[in-house]
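Residue-level structural notes
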Amino acid sequence: EKGGHEYFMLKEIEEQPEALANTLRGHFTEGRIVLDEQRMSDQDLRDVDKVFVVACGSAYHSGLVAKYAIEHWTRLPVEVELASEFRYRDPVLDRDTLVVAVSQSGETADTLEAVRHAREQKARVLAVCNTNGAQIPRESDAVLYTHAGPEIGVASTKAFLAQIAANYLVGLALAQARGTKYPDEVAREFHELEAMPQAVQQVLGTIDQVRDLGRRLSDSRAVLFLGRHVGFPVALEGALKLKELAYMHAEGFAAGELKHGPIALIEEGLPVVVIMPSPKGRAVLHSKLVSNISEIQARGARTIVIAEEGDETVRPFADELIEVPAVPTLLQPLVSTVPLQVLAAEIARSRGYDVDKPRNLAKSVTVE
Ligand code: F6R
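A short tour of the structure in this document, coming up. (Residues numbered from 1 in each chain as written. Predicted model: local features only at pLDDT ≥ 70, side-chain atom pairs only at ≥ 80, totals over all residues. Heavy atoms only, no water.)

What to know about the environment of Glu-15
- By the secondary structure assignment, Glu-15 is in the loop between helix H1 (8-14) and helix H2 (16-24).
- For the pair Glu-15 and Leu-35, spaced 20 residues apart in sequence, the C-alpha separation works out to 23 Å.
- Here Lys-158 takes part through its side chain, which lies 2.8 Å from a polar atom of the side chain of Glu-15. (Helix = DSSP H or I, 4+ residues; strand = E, 2+ residues; numbered from the N terminus. Polar contact = N/O pair within 3.5 Å; in protein donor to acceptor, adjacent residues only side chain to side chain.)

What to know about the site of the ligand
- Around the ligand, 14 residues are found, and the nearest of them are Ser-103, Gln-104, Ser-105, Thr-108 and Glu-244.
- Within the side chain of Thr-108, an N or O atom sits 2.5 Å from an oxygen atom of the ligand.
- Summarising the interface, the protein chains cover 89% of the accessible area of the ligand, which totals 410 Å² for the free molecule.
- Here the shell around the ligand is built from residues that sort into four nonpolar, eight polar and two charged. (Near = heavy atom within 4 Å. Areas by Shrake-Rupley, 256 points an atom, 1.4 Å probe, with all protein chains shown as cover. Nonpolar A, V, L, I, M, F, W, Y, C, P; charged D, E, K, R; others polar.)

A short note on the pattern of salt bridges
- Tallied over the entire structure, the rule returns 24 salt bridges.
- The partner of Arg-216 in a salt bridge is Asp-212, with the nearest N and O atoms 3.1 Å apart. One end of the pair is Arg-216 and the other is Asp-212, both in helix H11 (residues 207-217) and four residues apart, which spans about a single turn.
- For Arg-216, a relative accessible area of 37% puts it in the partly exposed group.
- Via salt bridges that share partners, Glu-6, Arg-211, Arg-215, Glu-346 and Arg-349 belong to a single interconnected network. (Salt bridge = Lys/Arg side-chain N within 4 Å of Asp/Glu carboxyl O. Buried < 20%, exposed > 50% of the residue type's maximum accessible area, 1.4 Å probe, protein only.)

Remarks on the side chain of Lys-241
- Mapped onto the secondary structure, Lys-241 falls in helix H12 (residues 231-246).
- For Lys-241, a relative accessible area of 1% corresponds to the buried category.
- Polar side-chain contacts of Lys-241 include one of 2.5 Å to the side chain of Glu-237.
- Beyond its immediate chain neighbours, meaning those up to four positions away, Lys-241 contacts Met-9, Ser-58, Ala-155, Ser-156, Ala-246 and Ala-344. (Contact = heavy atoms within 4.5 Å.)

A look at the sheet that holds strand S3 (residues 37-38)
- With mixed pairing, the six strands of this open sheet are ordered in space as S3-S8-S7-S6-S4-S5. Both edges of this open sheet fall to S3 and strand S5 (78-82), since each of them pairs with a single strand only.
- Relative to strand S6 (residues 97-103), strand S4 (residues 50-55) is paired through five bridges, and the arrangement is parallel. Residue pairing in the sheet places Lys-50 in a bridge with Thr-97 of S6.
- Packed onto the sheet, helix H6 (residues 109-120) meets S4, S6 and strand S7 (124-129) and runs at close to 165° relative to S6. (Pairing = 2+ DSSP bridges. Axes fitted to C-alpha atoms, helices over the stretch in contact; angles between N-to-C directions.)

Quick look at the sheet that holds strand S12 (residues 302-308)
- Pairing is parallel across the open sheet formed by five strands, whose spatial order is S10-S9-S11-S12-S13. The open sheet has two edge strands, strand S10 (249-254) and strand S13 (320-324), and neither has a second partner. Going across the sheet, the axis of each strand differs from the next one's by a mean of 15°, ignoring polarity.
- By the bridge criterion, six bridges tie strand S9 (residues 222-227) to S10 in an arrangement that is parallel. Pairing of Phe-225 across the sheet is with Gly-252, part of S10.

Laid out in structure tokens, this is it:
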């Protein structure tokens, strides 16, 4: 069943190109982005004036990633919130608010209650879900299914990448409805997404290198993750994977916050994973991160750098360099997350833990 793999999670990591391709398939027809189910009018979609993404765990991180793209493409304000917080607040919602509920299982109790809370206030709800006919899509006004296939490993991998792709489709559907993007621009963005399975396939070529690194890091006490812009939620996701699988203290930070506290944590030998932006796409952010790496390296950190292939400026500061292919800035999380999944799984395996069934965790959190 594991297709010759030691654990399901590695199989599921390798299925990510297919999960992405299957999630995108059929959603661009006759020059338009189409959802799976839409029980709201095109006019309702056009009238949206604010977006909330509500979710838990990795699904929440997929929303944080998508915020950058959705705001950029639609010029709508996007707030991303933990479902367990949203449902107990008094968020400002009305019929022109679109609440995007992201859930692999479609049964997560807090996300479901957030959906109900939103609908009571007349907001429209769009579900992004990996499970056909689950409760969250059933109670939503529109649905976009991720087609990652069943995910057995408790830690989300292929469903997470598929959630990012689906959230991007939501952004493009809104841009199309609002006319903030011309049809040819929507088409171009979609075709860039369509090239991602190939890019992710290429990143899978780093698996052996990352597993070797994981074995060497397995007795670390803590690992920090730094990123900024779309690399920030990737840092949060990398830290979550490591906590849940390797039971290791891990934290993700926005690199710009380093000097506001976290740099005090840096000590000799502490592994710090840095997710670099492209030197071409975001030159200013790139140079700021290069100076962050040199600062933490000077304080003794062991730097593990995820960078675009051919990025020579970063090489002198990288104790370990993991190269990922060049892709458009907003799509970088789809490639840079993959080595972090492999790293967490391999550290966990080296420590003798069950990678597919981490302690204390359930695949579907239907209790509150
Ligand atoms: C982390 C993980 C969890 C889920 C979260 C939400 O690897 O799998 O954090 O992402 O429990 O689950 P769904 O997406 O089913 O609502």
